[in-house]
Amino acid sequence: MSYRKIATGVVAASLIATAPVAAMADSLGAAIVGGIIGGAIMNGAAKPKRTYTSSGVSSVTRAQNREVQTALNYFGFNAGTPDGVMGSRSRSAIMQYQSYMSFPATGQLLTFERDHLVGSYNRAALGGPDVTRSLSKSRDGARGLLVIWRDGTGASGHGGMGYAGLPIEVSDAVDEVAASTEPTPEQLLQRAGFIQTADLNGDGQNDYILDTAVTGSSFWCGASQCTTMLFVSNAGGYERRQFQYLMNPQRTNTVQVSYFQCDHTGCRMNDPLAQPQMAVAPAPAPALPQQQLAAAPVAPAPQPLASLPTFALQASPAPAPSLAGYCEKVSLMTSSNGGYVTLATMSDPKIALGEQFCYARTYATTEGEQYVQRVPGLTPAAASQQCAGFEPVLAPYVASLSTTPAAQVMANVASYAATSGMTADQLKATAKICLFSGYRGDNMPVALGSALLLAGAGETPYAELVAHHLNEGYGTEAAPLAATGWYQIAIAALDGGAPSVFGDSLPDRVELLRAAALGLRMPVQQLNEAPASVPASLPSFNLSK
């Protein structure tokens, strides 16, 4: 065995035995960190597999397998008799479940896939109003509960009649809020401050204000601001308006009726935390008694008011946009629309591209988690610390996305990859792990940099993710026109026979991308001077033994 392989093994072993390596700021350091992850994958793959003889499956594993088989059978995926032995029928049932949920159909359950399957079965077995409402909305019977509960949506709790005393529009909004909270709609309606009434437009009818600050929902109420919904009566029913208001540091403020002003032009919300507070003028001095004024026919000149102090307030930095939050909203919209936008049903390209972005993100996250599991001793937290080194290394390439032709950026990244000291397979495996880490932690610079590295390292269909990031402004400034070049690269690769990196569970996906991303846009003239060619893959460096 050569010294080089011994050294590589020592480094890989130290990664497992010690605390995670701190992220390194220079390019060489980051490449070494990435090489450790990728090298561990490759070294593990190169070792001959040992075969062990077991007397049988442990009782704990068998019990867990029976849970999975029982849940599969309940949701209509025939796994046979729940005997705790995962044979070919059980693997086939798992693949059917994964395909139905748009997960990669591997026949092997990832942790979150198993938890969702078994947890949904336990929830359904308990029954109750929540299950009844969800079943009434499901088009696929019990199987549809898996999608409804995954996406956080459910059936209307008021059965189309409205909750007692509330208009249908308001009742629908109560269900919508309850879909992302632990309390049921009925419990939310009992919470003080959740709903307020007032005649805001003076037409003699109650208008309604819903305040999500009291719901405990992180979807509707974030760290710095919360959503409030206003329902104002009109001739046709109630019109919904939605506002955001700032939270104080103690998160004790709530919406007040006095915040709203409505007239014939519409309604406005005056958030006291979003407006500078005016200083109160001092009270005027009390008038002197009349008898004292008789000797003084001319009133004394008023004393000038003291000048008001001026305070320069620094604007609070805007929070970084959350792709996880964006995809939660997209998922809710997709579910309410009955499924993904298709080529035949597309009316808004932006909605279609948003769905495809979140779909690709889910697929990339799942694949990256599988790579993490293949590295002995590597945890998601350790991967996150190491992948932080990708951000400063790839920052210059990310910064050039909106000003440099897509193909030129690809060539630049490919050139960097070729000199990183890692084999192509090591580099791709490392980038997929860091793509998972970036999406898992909502770290957009790491996620975008990893997708960019994969595209430049020969996995050209990953250019689609770069395009989505540019189109929506996650990890970089929003540049829809610049995104076009990246969509073109990804679509051209798929047209040329490159395998899809995001599965084939959605029919006509390439044509949908083509129509949504390119059909209604003009190419970027100033960014469209593509170089003659872009390297299709990186050279492979074989480690000496």
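None of these values were measured; they are calculated from a predicted model. (Residues numbered from 1 in each chain as written. Predicted model: local features only at pLDDT ≥ 70, side-chain atom pairs only at ≥ 80, totals over all residues. Heavy atoms only, no water.)

1. Re the overall build of the protein
Part 1 of the argument: Counting secondary structure elements, the protein contains 20 helices and 6 strands.
Part 2 of the argument: Across the 545 residues of the protein, 43% fall into the buried class.
Part 3 of the argument: Look at the contacts in the protein between residues 6 or more apart in sequence, and 60% of them connect residues 24 or more apart.
Part 4 of the argument: Within the structure as shown, the protein displays about 28400 Å² of accessible surface, and the carbon and sulfur contribution to it stands at 56%. (Helix = DSSP H or I, 4+ residues; strand = E, 2+ residues; numbered from the N terminus. Buried < 20%, exposed > 50% of the residue type's maximum accessible area, 1.4 Å probe, protein only. Contact = heavy atoms within 4.5 Å. Areas by Shrake-Rupley, 256 points an atom, 1.4 Å probe, with all protein chains shown as cover.)

2. Quick word on the side chain of T334
Part 1 of the argument: One can find T334 in helix α11 (residues 323-336).
Part 2 of the argument: Residue classification places T334 among the buried positions, given a relative accessible area of 10%.
Part 3 of the argument: Residues in contact with T334, not counting those within four places in the same chain, are G339, Y340 and E355.

3. Notes on the sheet that holds strand β1 (residues 195-198)
Part 1 of the argument: Across the sheet, 4 strands lie side by side as β1-β2-β3-β4; this open sheet has antiparallel pairing. Two strands lie at the open edges of the sheet, namely β1 and β4 (237-246), each paired on one side alone. With direction set aside, neighbouring strand axes in the sheet form an average angle of 20°.
Part 2 of the argument: Examined bridge by bridge, strand β2 (residues 207-211) and strand β3 (residues 225-234) share 4 bridges and lie antiparallel to one another. Note that in β3 the partner of L210 across the bridge is M229.
Part 3 of the argument: Its contacts with the sheet place helix α8 (residues 168-178) against β1, β2, β3 and β4, and it is angled at close to 165° to β3. (Pairing = 2+ DSSP bridges. Axes fitted to C-alpha atoms, helices over the stretch in contact; angles between N-to-C directions.)

4. So, α11
Part 1 of the argument: Counted at 1.5 Å a residue, the expected span for α11 with its 14 residues is 20 Å, and the 20 Å between its end C-alpha atoms agrees.
Part 2 of the argument: Here α11 has its buried residues at L323, Y326, C327, V330, L332, T334 and S335.
Part 3 of the argument: The inward-facing, buried residues of α11 contact α7 (144-151), α12 (349-373), α16 (424-440), α17 (444-456) and α18 (463-472).
Part 4 of the argument: Of the residues that open α11, the one with a side-chain oxygen 3.4 Å from the backbone nitrogen of A324 is S322.
Part 5 of the argument: Phi turns positive one or two residues past the end of α11, at G338, with a value near 85°. (Expected span 1.5 Å × (residues − 1). Polar contact = N/O pair within 3.5 Å; in protein donor to acceptor, adjacent residues only side chain to side chain.)

5. Notes on the confidence of the model for the protein
Detailed reading of predicted coordinates is not advised where the pLDDT is low.
Part 1 of the argument: Summing up the model confidence of the protein, the mean pLDDT is 76 and the portion of residues at 70 or higher is 72%.
Part 2 of the argument: This model gives residues 277-283 a pLDDT under 50, and the stretch forms 3 contacts once residues within four places in sequence are excluded.
Part 3 of the argument: Every residue in residues 288-297 scores below 50 in pLDDT, and together they form 1 contact with partners more than four places removed in sequence or on other chains. (pLDDT = per-residue confidence, 0-100.)

6. Quick notes on α16
Part 1 of the argument: The end-to-end C-alpha distance of α16, which contains 17 residues, comes to 24 Å, matching closely the 24 Å that a straight helix rising 1.5 Å per residue would cover.
Part 2 of the argument: Counted residue by residue, α16 has 15 buried out of 17 residues, so it is predominantly covered.
Part 3 of the argument: Directly beyond the C-terminal end of α16, a positive phi value near 55° is found at D442.

7. Section: the packing of helix α15 (residues 406-418) against helix α19 (residues 480-495)
Part 1 of the argument: Where α15 meets α19, the axes come as close as 8 Å, and the angle between the chain directions of the two elements is 70°. Of the possible angle classes, the one that applies to α15 and α19 is roughly perpendicular. Here α15 contributes A406, A407, V409 and M410 to the contact with α19, which in turn contributes G485, W486 and I489.
Part 2 of the argument: Among the residues forming the contact of α15 with α19, the class breakdown is 6 nonpolar, 1 polar and no charged. (Parallel < 35°, antiparallel > 145°, perpendicular 65-115°, else oblique. Nonpolar A, V, L, I, M, F, W, Y, C, P; charged D, E, K, R; others polar.)

8. Some remarks on the environment of L273
Part 1 of the argument: Considering the arrangement of structural elements, one finds L273 in the loop between β6 (266-269) and α10 (290-293).
Part 2 of the argument: Sequence separation of L273 and L246 is 27 residues, and the distance between their C-alpha atoms is 6.2 Å.
Part 3 of the argument: Excluding residues that lie within four positions of it along the chain, L273 makes contacts with L246, M247, N248 and N253.

9. Description of the state of the cysteines
Part 1 of the argument: Applying the stated criterion to the full structure yields 4 disulfides.
Part 2 of the argument: The disulfide that involves C221 links it to C226, with 1.5 Å between the sulfurs. The residues C221 and C226 share a single accessibility class, namely buried.
Part 3 of the argument: Numbered in order of appearance, the disulfide-bonded cysteines of the protein are paired 1-2, 3-4, 5-6, 7-8. (Disulfide = S-S within 2.5 Å.)

10. Observations concerning the pairing of strand β5 (residues 260-263)
One face of the sheet, then the other: side chains in a regular strand alternate in exactly this way.
Part 1 of the argument: Side chains F260 and C262 of β5 all project onto a buried face; the interleaved residues Q261 and D263 project onto a face where none is buried.
Part 2 of the argument: Inspection of the sheet shows β5 paired to β6 by 4 bridges, in the antiparallel sense. The residue bridging D263 from the neighbouring strand is G266, located in β6.

11. Notes on the packing of aromatic side chains
Part 1 of the argument: Within this structure, the stated rule accounts for 14 aromatic pairs.
Part 2 of the argument: Above the plane of the ring of Y100 lies R143, whose end atom (NZ or CZ) is 5.6 Å from the centre. (Phe/Tyr/Trp six-rings, centres within 6.5 Å; stacked < 30°, edge-to-face > 60°. Lys NZ or Arg CZ within 6 Å of the ring centre and 35° of its normal.)

12. Regarding the environment of A63
Part 1 of the argument: Counting through the fold element by element, A63 comes out in helix α3 (residues 59-74).
Part 2 of the argument: Considered as a pair, A63 and G84 are 21 residues apart in the sequence and their alpha carbons are 6.1 Å apart.

13. Some words on the pattern of salt bridges
Pairing is possible between side chains that carry opposite charge, provided their charged atoms lie close to one another.
Part 1 of the argument: Scanning the model with the defined rule gives 10 salt bridges in all.
Part 2 of the argument: For R240, the salt bridge identified is with E176, shortest N-O distance 2.9 Å. A residue pair is termed long-range when its members are at least 10 positions apart, and R240 in strand β4 and E176 in helix α8 qualify at 64 residues.
Part 3 of the argument: Among the residues examined, R240 registers a relative accessible area of 34% and is labelled partly exposed.
Part 4 of the argument: Across the salt bridge formed by K432 and E459, the nearest N and O atoms sit 3.9 Å from each other. A residue pair is termed long-range when its members are at least 10 positions apart, and K432 in helix α16 and E459 in the loop between α17 and α18 qualify at 27 residues.
Part 5 of the argument: Relative accessible area serves as the criterion here: at 9%, K432 is assigned to the buried category. (Salt bridge = Lys/Arg side-chain N within 4 Å of Asp/Glu carboxyl O.)

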